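Chain by chain, the residues run as shown.
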Amino acid sequence: MNHITKREKGIAGILALTLALSVGVKVSADHTEQTNNVQSAEQETTEDVALTAGAISEIQMSHATGLCAGALTDIYEYSTIASVSENEKDIVASKLLLDEDFEEGTIYGYKNLGFSEVEGNLNVREEASTSSSVVGKLTNHNAVEIISTSKDGKWYEITSGNVEGYVSTDYILTGDDALALVDDLIATYATVNVKTLNVRSEANTDSNIVTKVNDAEDLLVTSISDDWIEVAIDDYTAFVAADYVTLSNKFPTGKTIKELHYGSDVSDTRVALCEYALQFVGNPYVWGGSSLTNGTDCSGFTMRVFAQFGISLPHYSGSQPSYGTRINAEDAQPGDLFFYGSGHISHVAIYIGNGQIVHAASSREGIKISSAYYQTPICVVSYF
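Residues numbered from 1 in each chain as written. Predicted model: local features only at pLDDT ≥ 70, side-chain atom pairs only at ≥ 80, totals over all residues. Heavy atoms only, no water.

Draft legend 1. Geometry of the nonpolar core. Counting residues in hydrophobic clusters, the biggest one holds 28 residues, and the most contacted among them are Phe-301, Val-305, Phe-306, Leu-337, Phe-339, Ile-350 and Tyr-383. Broken down by element, the residue count for this core peaks at five residues, all from helix 6 (residues 268-278). In this view, Val-305 contacts Leu-273, Tyr-276, Ala-277, Leu-292 and Ile-350; residues no more than four positions away in its chain are not counted. Among the nonpolar cores identified, the runner-up in size contains 21 residues, and Val-221, Ile-224, Trp-228 and Ala-241 belong to it. (Core = buried A, V, L, I, M, F, W, Y, C linked by side-chain atoms within 4.5 Å. Buried < 20%, exposed > 50% of the residue type's maximum accessible area, 1.4 Å probe, protein only. Helix = DSSP H or I, 4+ residues; strand = E, 2+ residues; numbered from the N terminus. Contact = heavy atoms within 4.5 Å.)

Draft legend 2. Spatial organisation of the pairing of strand 21 (residues 337-341). By the criterion of burial, strand 21 is predominantly enclosed, with four of the five residues buried. Bridge analysis of strand 21 against strand 22 (residues 345-353) gives five bridges, and the strand direction is antiparallel. Counted as the bridge partner of Phe-338 is Ala-349 from strand 22. Counted along the chain from strand 21 to the antiparallel partner strand 22, the turn is three residues long, and its residue Gly-343 has a positive phi close to 90 degrees. As judged from the three bridges shared by strand 21 and strand 25 (residues 379-382), these two strands associate in the antiparallel manner. (Pairing = 2+ DSSP bridges.)

Draft legend 3. Summary view of helix 7 (residues 298-307). Counting buried residues in helix 7 gives eight out of 10 residues, a clear majority hidden from the surface. Turning to helix 7, its buried residues number three or more, namely Cys-298, Ser-299, Gly-300, Phe-301, Thr-302, Met-303, Val-305 and Phe-306.

Draft legend 4. Up close: the confidence of the model for the protein chain. For the protein chain, mean pLDDT is 77; residues scoring 70 or higher make up 73% of the total. Here residues 1-95 scores under 50 on pLDDT; set against residues more than four positions off or in separate chains, the count is 196 contacts. (pLDDT = per-residue confidence, 0-100.)

This is how it looks when you write it as structure tokens:
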């Protein structure tokens, strides 16, 4: 396809990128595995790999756009590349997907590509109507697969990532307008291929873990250095071990409402529990009570909510932690419980994600949403 750089023009850049991942000395791996009711524990392994292709210098990538498949020369430093066999070239080139690797007649797998053009967010609706429920959102320049057009020409039926629904045709670029954006918007992403992966502040296993990401999550690649990949996380950059991600070229896509609020890796059960708890916001607090509608205290609230999902807890906040597994607060997922108090546990709340909790707060405030860190929690417990 004439809108992208051909494989032979980019092979040196791809070679540098992928050999840095696959033929370094001492590949250091850093990932965590998590099982039911067991706190995740870090495992670190090393593997000796023969350096048959010569020394590979540090590869720097364009920070602003990631690696663009249509402009592989954005890799502006890839010296000291040794000669390799044709077979090795094929293996190296296969590490990253170029447009020509997809089905003929598609653009990176899209048969009918469009891009959103919007300031802020574009609602994706369940049906082709502004009164229909919002099932997801697109930000500016998210890629969509256009499935059909409504009879009146006002709505496209689309998919984008995990979002399926309808969007206004007024905010979708198609045809030549969409093709003009392909080279600018295609970028390299690192997709997590282990259950839980540490994201670190520096490119070594001794540095701080700034967050953890789960299987199948996509991280925008900004740089490669030896056995580590620098990725963009919100408004900062951090590092993941190259051994536990898979690189591919993708367009940015939309997100479902669930992904926006809870994250893409949160189970349906956890989401359902939080949604069930949130419907009681505004109902009264009653000390010693356990009615979600007529009045409950903090532990009565958690007891009744969790009972709906087959988890039995006592009506006493001080005893509830022993029925689950204690975890670090930074590892909390929606549906975990935060416990508070001064010296001993005297209050409990349900974590709902994004640093927030829902709880039966007090007789004055009733059931409400608060910051999870309005007090420093004594402990955080998972029951899943």
